[in-house]
Amino acid sequence: MGLISVFAVLATLSRPNVQAAQTPTKPFFLDSRFELAAPLPTVPGVMVDTYSNGYGIAQQTAKADQLQARIIWIDATANIDKYNTEDKIVWLVHQIKASGFNTIVFDIKPISGQVVYKSAIAPKLTEWKGEKLSPDFDPLTFMCREAKANDIGLFVSMNAFSEGHRLFQVGPGYEKKDWQTVLYEPKPAIRLDDGPPIDLAVPFDKAEPGAVSIFTSADKVPKTDLDGFAIIVSKEMKMLSTVEGLALADGIKSLDKGSIVVYGAASAGAFLKQHFQQNGAVSFDTTANFVPISERPEEQYPLMVNPNNPDVQQYEISLAQEVVREYPVDGIIYDDRFRYGGINADFSELTRAKFEEYVGKKLTWPDDVFKFTLSQALSRGIRPGPYYDAWLAWRAQVLHDYLARVRRSIKLLRPSVELGIYVGSWYGEYSSLGDNYASPQADPGFWYLSRPYKAAGNAPLLDFLISGCYYPTATIYDAMVRGVGVGNCVESAAILTNRLVRDECWTYAGIALSDFKDNPEGLLNALQAACASSQGVMVFDLSHDIFPMWPVFAKAFAQPRRAPHSSERALEMVRRRRLQYDRQGLKEPPIIISAGTAGTGQ
């Protein structure tokens, strides 16, 4: 283990990659901000931002000790045809090793909730889009054997809280409906003056029998309903006039910009007629509607289950225990379904009872958490209730406590086994998903970081974290040249993750191979950016036309490196030094936040 002097670490924490010795006549800001970096020395380097890149003890330790993760991800469903026989696995692992990778992540539990290994608990995945996996064949057994024979690390990926695939209607979550997450799905509603809210038909600009409808175009209003009733509403949301019955047959004259028509027939028309008031106010509202995710009108492929359900938690833990007990894997990594189904999950009665116990009172549900709103432009928002911050923090704490349970349970079976998670790289949207993957000590300035939310940071429970920095642009320098937002690049995304984790665990930048189809130079730049800005790189995925790129990886990874997570004491030393400097009261510079794109890497 290479040693780093206190002075070197202090320098890297305060201003990285800038020489400490400066001539008195040359201010530091006259140095070039962008410098060439080549953490992969056998291929051309890239220009990195020395003012924000390179912070942290983990980053400097990995660099000094020549530790660098080089991970290939093998998705379970997309790659069945590449691992469904012993011979294919033998060839594949040999090829991965020959290309310079030092770690494999093998997805054994995709979002369908089925597994590819022989399980006594979960159903077996035997077919996907016409590709077969024999019920009697266990690819994990051979993957473990070949990984050991080729001296390459093997981690298994599991989708913790997804138990079905909605597109194909498969998975154990369909049989256990009480496990499914319950979503708060608002129904659009309208109020006429001081009248009660009435639900609106969706989508807009389309009539629905017996319902009140909104039309933004006059020529779409029905003309044949004898009992139809229409109210013309101004852009100031005032009721101007009405058209009804036979008069509708002549059509409504074109609307002024921003005006709308509120329309109904039969009972809906009668309601509108009863509550019409000349110049009366019109406002949009919502009414609460709670639906199991399998009944959700908006499509989402993962059938998410409720992390607050003790039966769900125990089931997921039992799968992790089964794998660690039966297979000599190096560890488990939870994929991005280690989260809630959205800000509107979970709103089941079970969750309500647990959250009310947490805050210590009965709530007006869901308004005391938040209420969905509908603007005049018909866009959806939320009105935070008095317990909105508590909701965010409580969900993060639930996931934190679950992760702690998993870690304890697998460490009891085999103390050397490691635990990691994969996340999207834009931390700014993760409060809505409940997964606070930062260090509790990190202070990045995001608006939702209440003290209880920060305390629920997961990083100390992990051995490593992979963030999906899935951008086709490699560096901040490149982003500026191309006129792209500087947050939308591999370097920025990886820097933010590294600073958020704050030396609690290793961080690795994930890149998407699909972003570099027929672009080997772009791929090399992304690999360099990832390794310059974190302690390694993860390439997703084997299925993304990887064959033309094997020589590219072999060239980039020509000089072998050990992965940081393969060193038994390296992370322990990093954490110890971080604690030492924190006790000395060393203050870090602010975390630079360059906004990324929502959904990146998810």
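Being a predicted model, the structure only gives us computed values, none of them experimental. (Residues numbered from 1 in each chain as written. Predicted model: local features only at pLDDT ≥ 70, side-chain atom pairs only at ≥ 80, totals over all residues. Heavy atoms only, no water.)

## Some remarks on the layout of surface pockets
- Here the largest pocket defines a volume of roughly 900 Å³.
- If you trace the largest pocket, you find 39 residues lining it, with Gly153, Asp330, His565, Ser566 and Ser567 closest to the centre.
- With four residues, the top contributor of residues to the lining of the largest pocket is helix H5 (residues 139-149).
- Per-class residue counts for the lining of the largest pocket are 15 nonpolar, eight polar and 16 charged.
- The space that makes up the second largest pocket amounts to roughly 570 Å³.
- Around the second largest pocket sit 29 residues that line it, and Asp75, Ile111, Asp335, Arg337 and Phe540 are the ones nearest its centre.
- The residue makeup of the lining of the second largest pocket, split by class, is 13 nonpolar, nine polar and seven charged. (1 Å grid on protein atoms, 1.4 Å probe; cavity = no way out; pocket = protein on both sides within 12 Å on 5 of 7 lines; lining within 4 Å. Points joined across faces, edges and corners; volume = space filled by probe spheres on them. Helix = DSSP H or I, 4+ residues; strand = E, 2+ residues; numbered from the N terminus. Nonpolar A, V, L, I, M, F, W, Y, C, P; charged D, E, K, R; others polar.)

## Details of the side chain of aspartate 541
- Here aspartate 541 is to be found in the loop between strand S25 (536-540) and helix H14 (550-556).
- Although aspartate 541 is buried, it makes no salt bridge; lysine 82 carries the closest opposite charge, 7.0 Å away.
- A polar contact of 2.6 Å, which involves the side chain of aspartate 541, links it to the side chain of serine 543.
- Each residue touching aspartate 541, except ones within four places of it in the same chain, is listed here: Trp73, Ile74, Asp75, Ala78, Asn79 and Leu513. (Buried < 20%, exposed > 50% of the residue type's maximum accessible area, 1.4 Å probe, protein only. Lys, Arg positive; Asp, Glu negative; His and termini not counted. Salt bridge = Lys/Arg side-chain N within 4 Å of Asp/Glu carboxyl O. Polar contact = N/O pair within 3.5 Å; in protein donor to acceptor, adjacent residues only side chain to side chain. Contact = heavy atoms within 4.5 Å.)

## A look at the packing of aromatic side chains
- Counted according to the given criterion, the structure contains 47 aromatic pairs.
- Taken together, a centroid distance of 6.2 Å and an interplanar angle of 15 degrees make the contact between phenylalanine 290 and phenylalanine 347 stacked. With phenylalanine 290 in strand S17 (residues 290-292) and phenylalanine 347 in the loop between strand S19 (331-334) and helix H8 (349-359), the pair connects residues that are 57 residues apart, well separated along the chain.
- For phenylalanine 347, a relative accessible area of 1% corresponds to the buried category. (Phe/Tyr/Trp six-rings, centres within 6.5 Å; stacked < 30°, edge-to-face > 60°.)

## Description of the sheet that holds strand S15 (residues 260-264)
- Taking strand neighbours across the sheet as the criterion, the four strands line up as S12-S15-S13-S14 in an open arrangement whose pairing is antiparallel. Two strands bound the open sheet, and with one partner strand each, they are strand S12 (213-215) and strand S14 (239-244). Averaged over all neighbouring strand pairs, the angle between strand axes comes to 25 degrees, with direction disregarded.
- Where strand S13 (residues 229-233) lies against S14, five bridges are found, and the strand directions are antiparallel. (Pairing = 2+ DSSP bridges. Axes fitted to C-alpha atoms, helices over the stretch in contact; angles between N-to-C directions.)

## Brief notes about the sheet that holds strand S11 (residues 198-199)
- Ordered by their spatial adjacency, three strands build an open sheet running S11-S10-S16, and the pairing between neighbours is antiparallel. The strands lining the two open edges of the sheet, one partner per strand, are S11 and strand S16 (282-287).
- The sheet contact formed by strand S10 (residues 187-192) and S16 spans six bridges and is antiparallel. Of the residues in S16, the one forming a bridge with leucine 192 is valine 282.

## Considerations on empty space enclosed by the protein
- For the structure shown, the criterion picks out three cavities of 30 Å³ or more.
- Approximately 40 Å³ is the volume attributed to the largest cavity.
- Around the largest cavity sit Tyr55, Gly56, Asn498, Arg499, Arg502, Asp503, Arg578 and Glu588, which together line it.

## Some points on the nonpolar core
- In terms of nonpolar packing, the biggest core is built from 129 residues, with Phe106, Leu140, Tyr334, Trp391, Leu527 and Phe553 touching the most fellow members.
- A total of 13 residues in this core trace back to one element, the largest contributor, which is helix H9 (residues 388-413).
- Core analysis: the next-biggest nonpolar cluster, separate from the first, contains 23 residues, Ala58, Tyr470, Val574 and Tyr581 among them. (Core = buried A, V, L, I, M, F, W, Y, C linked by side-chain atoms within 4.5 Å.)

## Quick word on the confidence of the model for the protein
- Counting all residues, the mean pLDDT for the protein is 92, and 94% of those residues have values of 70 or more.
- Segment residues 1-12: pLDDT under 50, and 21 contacts once partners within four positions in sequence are set aside and those in other chains are kept.
- Under a pLDDT of 50 for its full length, residues 14-26 has, in the predicted model, 20 contacts with residues more than four places off or in other chains. (pLDDT = per-residue confidence, 0-100.)

## A few points about the environment of asparagine 309
- Along the polypeptide, asparagine 309 turns up in the loop between strand S18 (302-304) and helix H7 (310-326).
- Given the relative accessible area of 5%, asparagine 309 is considered buried.
- As a C-alpha pair, asparagine 309 and glutamine 528 span 219 residues in sequence and 42 Å in three-dimensional space.

## Brief notes about the pattern of salt bridges
- If you walk through the whole model with that rule in mind, you get 26 salt bridges.
- Of the charged contacts, one joins glutamate 146 and arginine 145 as a salt bridge, the two residues approaching to 2.9 Å between their closest N and O atoms.
- The partly exposed category is assigned to arginine 145, whose relative accessible area is 37%.
- Of the charged contacts, one joins arginine 576 and glutamate 572 as a salt bridge, the two residues approaching to 2.5 Å between their closest N and O atoms. Of this pair, arginine 576 and glutamate 572 both sit in helix H15 (residues 570-583), separated by four residues, roughly a single helical turn.
- Residue classification places arginine 576 among the partly exposed positions, given a relative accessible area of 42%.
- Sharing partners across several salt bridges, the network here consists of Arg502, Asp503, Arg578, Asp582 and Glu588.

## So, the packing of helix H2 (residues 57-64) against H15
- Contact geometry for H2 and H15: axes closest at 10 Å, N-to-C directions at 135 degrees. Here H2 lies oblique to H15, going by the angle between them. The way H2 lies across H15 gives a crossing that is right-handed. Where H2 abuts H15, its residues Ile57, Ala58 and Thr61 lie against Val574, Arg577, Arg578 and Tyr581.
- Looking at the contact of H2 with H15 residue by residue, the class counts come to four nonpolar, one polar and two charged. (Parallel < 35°, antiparallel > 145°, perpendicular 65-115°, else oblique. Left-handed = near helix turned anticlockwise from the far one by under 90°.)

## Points about the environment of serine 439
- Mapped onto the elements of the fold, serine 439 is located in the loop between strand S22 (418-424) and helix H10 (451-455).
- A residue is classified by how much of its surface remains accessible, and serine 439, at 2% relative accessible area, is buried.
- Remark: the alpha-carbon pair of serine 439 and arginine 499, spanning 60 residues in sequence, is separated by 9.0 Å.
- Among residues more than four places away in sequence, those in contact with serine 439 are Ala459, Leu500, Val501, Arg502 and Glu504.
- At a separation of 3.0 Å, a polar atom in the side chain of serine 439 contacts the main-chain amide nitrogen of glutamine 441.

## Here we look at the packing of helix H12 (residues 490-501) against helix H13 (residues 520-533)
- At a closest axis distance of 8 Å, the pairing of H12 and H13 adopts a crossing angle of 20 degrees. Here H12 is positioned roughly parallel relative to H13, judged by the angle of their axes. Handedness of the crossing formed by H12 with H13: right-handed. The segment H12 lies against H13, with Val490, Glu491, Ala494, Ile495 and Asn498 engaging Ala526, Ala529, Ala530 and Ser533.

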